[in-house]
Amino acid sequence: MIQTNSSFINVFTRNAPEPVYSFRSGLTVYEERFLDGMLITGGWNTAGYPLNEEKRPPFVTRIHEPSVFHLSIDGVSVEYRLSVKDFTVTENENGTTETALTLTSAIKPVEIVVHTKLDGTVMFSRWLEVRNLSDKAMAVSRLSVFSGVVEETDLRQYGNTMDPEEVYELGYFKNYGHGNEGDMTWRKLSFDKTSFSGRFGRYRYRHPLFFLKNKNTGMFIFGQLAHSGAYEFSFDYDTSRNADSTRLAIDMAIDGFLPLYLIEPGQTFVTPEVHIGAMIGTLDDAVNASYDHIRRSVLNRPEADGSECLVVAGVGAEHSMTTDIFRFMEEMATEGAEVFIIDAGWFCPPGEEMSWWDYTGIWTPDPDRYPYGIGKLRDHAHKLGMKFGLWMEPERIGQKAGQYAKHPDWYTSDAHGRSSNGLIDFTVPEAAAWVESEIERLITEYELDLFRLDYNACTLTDYFMKNGTRQEFTVLKHYEAVYAMFARLKKKFPHVLFENCAGGGGRTDLGMLQSFNHTWVSDWQIAPRSVYITLGMTMALPPERVDRLVSGMGCHQLASLDFQMRNVMLGHITLNVFAPADAEWNDEQLAFLRHSIGIYKNFIRPFLPTSHMYHHNDSVPQAEKEGFLAFELVAADKSRAAMTIFALPGQHDPEITVYPRGLDVGRTYKVTFDNSGSSVLLTGAELKQNGIRTVLSPMTSELVLFENV
């Protein structure tokens, strides 16, 4: 029985012999105990059983840092010598349940409120509030939002046949560089501490998530950090080669120069959220459970609804952006585009499009490029039946903008006090207010239907430092202000689509995405890496939120047209120009594109926002070894499904068989092979037993549609 989405939520507590807090959501149970002045893990159960009837001290007291969070104030650890002040349970109108455990420190004058939110899925949300009760500023010098032992395994229960070093596999994105987003890899946990990080000493294109698999028990523990700044995840595996048991602790920490945050007297600091869960099942089950949680409790703001999934098109600086833009609009409308965006370069003089970096901050159309202004472009898009959008990178000012030299105090600086040359520090109120007013003006003055955000910070880390009476690493405060700004703007413009981008996939975390309808996940569009990116990023985010591009940005360089097109069809489609403005339209090419977009709109899109996805490859190395990559998108009621199959470079056997995973064995489906257009009636049982067989040459694809009859 695999259960990921339920209405059962319960918080069960016991006060003696020590306080125990049991969080029950669906069949997943997570417990914490307050013991010896610490809040420590009480264990997980994925069969629905509370564990707190056990009277023996929990195993977690046998590690050196057992607390479920780590917090140091002014260099002193305060997760010890705590006392319980209050514990409250609140049932929210949206069906979630939220708890707040207030702890008082005997070491520092602070209160720590541990928040937990349950939503009926196998995942829960966790964040902390830290209240400064003193009359002096306090420096946060260590912060782990979630930590402690997550599992102890007695290998003797399994016949002790498995080498302890083979018990755990850690899944995460191996590559943190630009254009390598979603590079899922799996590694064994050694008898030591394993860690990975992002945005501090590592570049910013690694989405902060992990999947941890216990191959003995079948348990998956998986989590994400909703934070756009620096982080480090650690996994401490305590065992030995001849051991009878294993013990595993995790640490989901905020990283960066110290102090991480200065809490002013009387101020409350709210940490980023962690989203974490556990279940017995497959990787597909864990991914789909995360979809359920993210849709229900994270990306759930009504004004930022991601279910519309309009087909977006646009042109940027790599194309002509002057008079030819009207022809491009007509081409895209003919293909079925529903939104047209003018990307980076619309504010640059003619011939300077590729220097858009230096012109950011000039948020008015260049009069030589568009003497008629933006209104004529918008009106033409509307006449063609498309919405209209503009690109903006509001958090940075280029050196050719008039604002650049006027406000040197607006810019972030690194640890040495060197200016970032235009990257705006949102802890400066005047700077943050100017950015917000410019976004608001752009949306209002140009009557935008879509606002495309970009963010191109090219440092190896977000080094934001303050040099006042006390130095501070201000990334946490910076993103508090950024998130709050976009939340206000999205509420003010609920009918404007907000699209997120950060040099591709530099800010795809759940903290950033809460006010956006969908997000760019990479600037790399060239096959086969383009499908590898889709593989990983649809493990991180629900597919309706994941923007993928066909044509443009080098997409045309490799692979067949069908390969390129089908890489975008199970997500959020973005189109680009398919030929130079002065070239004749290729009717054969455009007919296939129209055909594919029709399938997307009429067959796939209606069930996409509530779908589950099955990844028939768990990593890039596995896909390369097998010679193919396959995705299966299935409606929540299993009445429809779509499968895309991609033959990879070096694939030697042209016959590929993929066994559907999400169909109902008790139903009959009309199965349509898009390459040939032929259909056959097959039962779900036949499909699962015999699979889908297709013959493909390298860098080609097949699309298979399933419809219950």
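Right above here is the structure, for reference.
Definitions and cut-offs
Residues numbered from 1 in each chain as written. Predicted model: local features only at pLDDT ≥ 70, side-chain atom pairs only at ≥ 80, totals over all residues. Heavy atoms only, no water. Helix = DSSP H or I, 4+ residues; strand = E, 2+ residues; numbered from the N terminus. Rg over C-alpha atoms; globule rule 2.2 N^0.38 Å. Buried < 20%, exposed > 50% of the residue type's maximum accessible area, 1.4 Å probe, protein only. Contact = heavy atoms within 4.5 Å. Areas by Shrake-Rupley, 256 points an atom, 1.4 Å probe, with all protein chains shown as cover. Lys, Arg positive; Asp, Glu negative; His and termini not counted. Charge placed at Lys NZ, Arg CZ, Asp CG, Glu CD. Pairing = 2+ DSSP bridges. Axes fitted to C-alpha atoms, helices over the stretch in contact; angles between N-to-C directions. Disulfide = S-S within 2.5 Å. Phe/Tyr/Trp six-rings, centres within 6.5 Å; stacked < 30°, edge-to-face > 60°.

Draft legend 1. Geometry of the overall build of the protein chain. A count of helical and extended segments in the protein chain gives 13 helices and 41 strands. Rg of the C-alpha trace for the protein chain: 26 Å, near the compact-globule value of 27 Å for 709 residues, within the 12% margin. Viewed in the frame of its principal axes, the protein chain has a C-alpha envelope of about 80 × 70 × 45 Å. A buried classification covers 62% of the 709 residues belonging to the protein chain. Taking as baseline every contact in the protein chain between residues at least 6 positions apart, the subset at least 24 positions apart corresponds to 70%. Accessible area of the protein chain: about 25600 Å², with a carbon and sulfur share of 49%. Averaging the coordinates of the 65 positive side-chain charges in the protein chain and doing the same for the 92 negative ones gives two points 3 Å apart.

Draft legend 2. Structural context of the sheet that holds strand E41 (residues 701–708). Strand order in the open sheet formed by six strands is E34-E35-E36-E41-E38-E39, with antiparallel pairing between adjacent strands. What marks the edges here is a single partner per strand, and that holds for strand E34 (612–615) and strand E39 (678–683). If you compare each strand with its neighbour and ignore which way they point, the axes differ by 20° on average. Note: strand E35 (residues 628–634) against strand E36 (residues 640–647), seven bridges, orientation antiparallel. Across the sheet, phenylalanine 631 pairs through a bridge with threonine 644, a residue of E36.

Draft legend 3. The side chain of threonine 534, seen in detail. Assignment of secondary structure puts threonine 534 in helix H9 (residues 529–540). Once residues lying within four places of it in the same chain are set aside, the contact partners of threonine 534 are Arg548, Asn567 and Phe631.

Draft legend 4. How the structure looks around unusual backbone geometry. In this structure, the amide linkage connecting leucine 258 to the following residue, proline 259, adopts the cis form with an omega of 0°. Inspection of the secondary structure puts proline 259 in the loop between strand E18 (245–254) and strand E19 (261–263). In this structure, proline 528 follows alanine 527 across a cis peptide bond, with omega equal to 0°. Locating proline 528 in the fold gives a position in the loop between strand E31 (518–520) and H9. Non-glycine residue aspartate 74 carries a positive phi angle of around 55°. With respect to the helices and strands, aspartate 74 occurs in the loop between strand E5 (70–73) and strand E6 (76–77). Aspartate 74 sits in the partly exposed class, given a relative accessible area of 32%. Unlike most non-glycine residues, cysteine 309 shows phi in positive territory, near 55°. Tracing the sequence through the fold places cysteine 309 in the loop between helix H1 (283–298) and strand E22 (312–315). The class for cysteine 309 is buried, based on a relative accessible area of 2%.

Draft legend 5. Region of interest: the state of the cysteines. Applying the stated criterion across every chain, the model contains zero disulfides. No disulfide involves cysteine 309; its sulfur sits 18 Å from that of cysteine 501, the nearest cysteine. Among the cysteines around cysteine 555, which has no disulfide bond, cysteine 501 carries the closest sulfur, lying 16 Å off.

Draft legend 6. Examining the sheet that holds strand E3 (residues 28–35) more closely. Judged by pairing direction, the sheet is antiparallel, and its four strands sit side by side in the order E1-E2-E3-E4 without closing on themselves. Every interior strand has two partners, whereas the edge strands, strand E1 (9–14) and strand E4 (38–45), have only one. Going from strand to strand, the sheet's axes swing by 15° on average, the running direction of each strand aside. Here E3 pairs with E4 via seven bridges, running antiparallel. Bridging from a neighbouring strand, valine 29 pairs with asparagine 45 of E4.

Draft legend 7. Local environment of the packing of aromatic side chains. The tally for this structure, following the rule as stated, stands at 40 aromatic pairs. When the ring of phenylalanine 196 is compared with that of phenylalanine 233, the centres are 5.4 Å apart and the planes differ by 70°; the resulting orientation is edge-to-face. Of this pair, phenylalanine 196 sits in strand E14 (residues 193–198) while phenylalanine 233 is found in strand E17 (residues 231–238), placing the two residues 37 residues apart along the sequence. The class for phenylalanine 196 is buried, based on a relative accessible area of 5%. Judged by relative accessible area, which is 0%, phenylalanine 233 ranks as buried. Put simply, the rings of Trp346, Phe347, Trp356, Trp357, Trp363, Trp391 and Tyr446 touch in pairs and so form one group of aromatic residues.

Draft legend 8. Looking closely at the environment of isoleucine 397. Structurally, isoleucine 397 is set in the loop between strand E24 (387–392) and helix H5 (402–406). For the pair isoleucine 397 and tryptophan 585, spaced 188 residues apart in sequence, the C-alpha to C-alpha distance is 39 Å. The residues contacting isoleucine 397, other than those within four sequence positions of it, are Thr360, Gln403, Tyr404, Trp410, Tyr411, Asn421, Gly422, Ile424 and Trp434.

Function cannot be inferred from these measures alone, as they are strictly geometric.
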